[in-house]
Amino acid sequence: MKAEVKLSVEDTNRLLSNLKGLTLTEAEKIITRLIIEDGALDARDIGRVIDAKREIVEREGVLEYYPAEEGMSDIADLSTLKSWLSRRKEIIVDPEKASRFGLSFPKGVLLLGVPGCGKSMAAKAVAKEWGLPLLKMDPSGLYNKYIGESEKNFRRAMDTAEKMSPVVLWIDEIEKAFSAAGGAEDGGVSARIFGTFLSWLQERNGDVFIVATANDVEKLPPEFLRKGRFDEIFFIDLPDEETRKSIFEIHLRKRGKDPSRFDLQSLVHMTEGFSGAEIEQVIVSGLYTSYSAKKELDTDTLTREISATRPLSEIMAEKISRLREWAAERTVSAH
Ligand SMILES: Nc1ncnc2c1ncn2[C@@H]1O[C@H](COP(=O)(O)OP(=O)(O)OP(=O)(O)O)[C@@H](O)[C@H]1O
Ligand SMILES: [Mg+2]
């Protein structure tokens, strides 16, 4: 079969780097399919390779391939975390050069914090900023009723992550994945997976950067916090005044609204104790209200939405202050 190749050198490199992690047979199959479809191989096919790779990763049922969406610029504040990450970008881009200098690929970070303050968002932004694919582990896909299968699923997922490296592996709400560890409720399965995971954290091959997130430190096995498992543990707290202002600006702009038409100072003042997610929700509800009233979104509408909201920090005040106290001694502030 004759095929036309319309790829620049750069395109070719991108195509090749996207084929990384696939077996030769898998790669051949994908390329053949792309050529048969239109008789040519061109830059548009790079996106299709990514899609095909996603299918292969997701077939296992434990890992999910995430397209890069938001970058760091969509996140207000978290400046300490951002600069920590940007200082490591050079290593990620050229790990071999860094290794000659004596630096190894970073292991990962654990992000602890108040719900709705940007943990998941930050995990996604890391991959985008570093230009790496993002794999999300779904712990619920791990557990299987057949003896021994859960551990195998986990091993397979870790193998896939290594095969795809360099990659960011995002484990959301890690305390849920291993919450039963130590307990006997599930016949020790989660305890065994937890053990496997800890040793994998220590010995893994391949450049896999882990971003783990957690809300509930009480359910987090203490082994995670021991030095050496993660490079750093960051604590993400509720946004302060300045950050709330940026969050309003980011989310108003995202929806085509000019922030300067709003009394931001008063909105910021009223949203003391609100998380980023709650501020976003205020804007979204405000949009619904004003749309059905057939008028533009304004400060008054937002003010009413704020008054109607009882923030989580009020409902869970005690829990959050315990979390803060705990974090003060053991973690680095992300702000
Ligand atoms: N610092 C921030 N800047 C901009 N938007 C934010 C910020 N924090 C939160 N948000 C908004 O809130 C939404 C929810 O945040 P995210 O899902 O990252 O929170 P989380 O900390 O992972 O919460 P949870 O513990 O509930 O999973 C984000 O999609 C974003 O729109
Ligand atoms: Mg989250």
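Before reading on, note that the structure itself is shown above.
What counts as what
Residues numbered from 1 in each chain as written. Chains lettered and ligands numbered in written order. Predicted model: local features only at pLDDT ≥ 70, side-chain atom pairs only at ≥ 80, totals over all residues. Heavy atoms only, no water. Salt bridge = Lys/Arg side-chain N within 4 Å of Asp/Glu carboxyl O. Buried < 20%, exposed > 50% of the residue type's maximum accessible area, 1.4 Å probe, protein only. Helix = DSSP H or I, 4+ residues; strand = E, 2+ residues; numbered from the N terminus. Axes fitted to C-alpha atoms, helices over the stretch in contact; angles between N-to-C directions. Parallel < 35°, antiparallel > 145°, perpendicular 65-115°, else oblique. Left-handed = near helix turned anticlockwise from the far one by under 90°. Contact = heavy atoms within 4.5 Å. Nonpolar A, V, L, I, M, F, W, Y, C, P; charged D, E, K, R; others polar. Near = heavy atom within 4 Å. Polar contact = N/O pair within 3.5 Å; in protein donor to acceptor, adjacent residues only side chain to side chain. Areas by Shrake-Rupley, 256 points an atom, 1.4 Å probe, with all protein chains shown as cover.

J.: I'm lost on the pattern of salt bridges in this one. Help?
T.: Side chains that differ in sign of charge can pair as their charged atoms come close. In this structure the tally under the stated criterion is 17 salt bridges. For K176, the salt bridge identified is with E173, shortest N-O distance 2.5 Å. Since its relative accessible area comes to 56%, K176 is described here as exposed. For E218, the salt bridge is made with R322, and the minimal N-O distance between the two is 3.2 Å. Of this pair, E218 sits in the loop between β7 (208-214) and β8 (232-236) while R322 sits in helix α15 (residues 317-330), and the two are 104 residues apart along the sequence. Residue classification places E218 among the exposed residues on the basis of a relative accessible area of 53%. Three or more residues joined by partner-sharing salt bridges are found here, namely D216, K219 and K319.

J.: Help me understand the packing of helix α2 (residues 24-38) against helix α3 (residues 44-59) in this model?
T.: Each pair of packed helices gets described by two things: the angle between the helix axes and the distance between those axes. Taken N-terminus to C-terminus, the directions of α2 and α3 make an angle of 135°; their axes are 10 Å apart at the nearest point. Judged by the angle between their axes, α2 and α3 are oblique. For the pair α2 and α3, the crossing hand works out as right-handed. Contacts between α2 and α3 pair E26, I30, R33, L34, E37 and D38 from the former with R44, D45, R48, V49, A52 and I56 from the latter. In terms of residue class, the contact of α2 with α3 is made up of five nonpolar, no polar and seven charged.

J.: Looking at this structure, how should I read the site of ligand 1?
T.: With respect to spatial proximity, 17 residues lie near ligand 1, and among them G116, K119, S120, M121 and E280 are the closest. C117 places a polar main-chain atom, nitrogen or oxygen, 3.2 Å from an oxygen atom of ligand 1. Here an oxygen atom of ligand 1 sits 3.2 Å away from a polar atom, N or O, in the main chain of A277. For ligand 1, the accessible surface in isolation is 630 Å², of which the surrounding protein chains cover 82%.

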